[in-house]
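Architecture and fold: a report
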Amino acid sequence: MAGIKAKAKQKGDFVELKTLMKHPMETGLRKDKKGVKIPAHHITEITVKSAGKVLMTVEYGPAISKNPYTSVVIGGKKTGDTLNVGWVDNTGKSENIDVVVK
Amino acid sequence: MQKINKERRTLLKGSAMAIALGMTGIAQLLTAPQAFAAWPKDAFAGRSVDEVMAALFDEKVVPVDSGDIFLKAPDIAENGAVVPISVESSLPNIKRIIILVEDNPTPMVASFILGEGAKADVSTRIKMGKTSNVVALIESEGNVYAARKNVKVTIGGCGG
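One structure accompanies this document, and this report is about it. (Residues numbered from 1 in each chain as written. Chains lettered and ligands numbered in written order. Predicted model: local features only at pLDDT ≥ 70, side-chain atom pairs only at ≥ 80, totals over all residues. Heavy atoms only, no water.)

Pairing within the open sheet is antiparallel, and its 6 strands lie in the order 1(A)-2(A)-5(A)-7(B)-4(B)-2(B). Strands at the two margins of the open sheet, each flanked by one partner only, are strand 1 (4-11) of chain A together with strand 2 (69-72) of chain B. Adjacent strand axes in the sheet meet at a mean angle of 15 degrees, parallel and antiparallel pairs treated alike. When strand 5 (residues 69-75) of chain A meets strand 7 (residues 119-126) of chain B, the two strands line up antiparallel, connected through 3 bridges. Within strand 7 of chain B, the position partnered with threonine 70 of chain A by the bridge is threonine 124 of chain B. (Pairing = 2+ DSSP bridges. Helix = DSSP H or I, 4+ residues; strand = E, 2+ residues; numbered from the N terminus. Axes fitted to C-alpha atoms, helices over the stretch in contact; angles between N-to-C directions.)

Shown next as structure tokens:
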């Protein structure tokens, strides 16, 4: 269940951040073999921070694929800076990691 | 004896209070992430594009079609469970990028809130139940712009 992979690379004035998160992303619409609905379990929010400042917020619903891939381009950062990427899901679980811009 | 009992009473009372406090603490923790993040529950729960639009924007907003939004999506998605989507735009001062799939059970897919200095260039992978229009909405300087692309889905990815 655990795991965030993130890569950040400076591209001109911007930093491109690519992330891969391990998460089941259950929609709440699927049923198991017995016909019982599998409860929704999905990431609701991804936050990219640096030095306590929020650089990007991504709000996700259940229609995002399992183990979500997300890439964003943020400004004001350069090689050597540290970003913090984290997610929160609808059950209140969360995870975050630091990534250094290359 | 009496004294000990009295102490025991207060102790019990105290621990009961502590448990009660602990419980509310946990309850707050459980509800906190969503309350704190202000995740737009209504928008994500909306069952039609109209419902989603009403939940997302205060007034009745009619998005203007824009040629400055580059919505990249496959023409045919063989697997509806994983459809790569990317949105780029050259519009000025973009606040938010929203992705909708018109014919999904809940059309709202994702919303990217751009921080200061960020570039409108986002990618993700989404699920599509069936062939539908994918819509990219962009909030820029108080206006809402849209771009659409039809994606044919051969195998749906929303279960059922």
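Here we come to the interface of chain B and chain A. Frequently, the measure chosen for interface size is the accessible area that the parts lose on association. Tallying the contact residues gives 34 residues for chain B and 32 residues for chain A. For the chain B face of the interface with chain A, the top three residues by lost area are Trp39, Arg125 and Lys127 of chain B, together amounting to 22%. Put simply, chain B and chain A have 1 salt bridge between them. A salt bridge links lysine 53 of chain A to glutamate 116 of chain B, with the nearest nitrogen and oxygen atoms 3.6 Å apart. Linking chain B to chain A there are 18 residue pairs in polar contact (both at pLDDT 80 or more). Those elements that place two or more of their residues in the side of chain B that touches chain A are helix 1 (2-37), strand 6 (108-114) and strand 7 of chain B. Residues belonging to the side of chain B that touches chain A are distributed by class as follows: 20 nonpolar, 9 polar and 5 charged. (Contact = heavy atoms within 4.5 Å. Buried area = accessible area lost by both parts, 1.4 Å probe. Salt bridge = Lys/Arg side-chain N within 4 Å of Asp/Glu carboxyl O. Polar contact = N/O pair within 3.5 Å; in protein donor to acceptor, adjacent residues only side chain to side chain. Nonpolar A, V, L, I, M, F, W, Y, C, P; charged D, E, K, R; others polar.)

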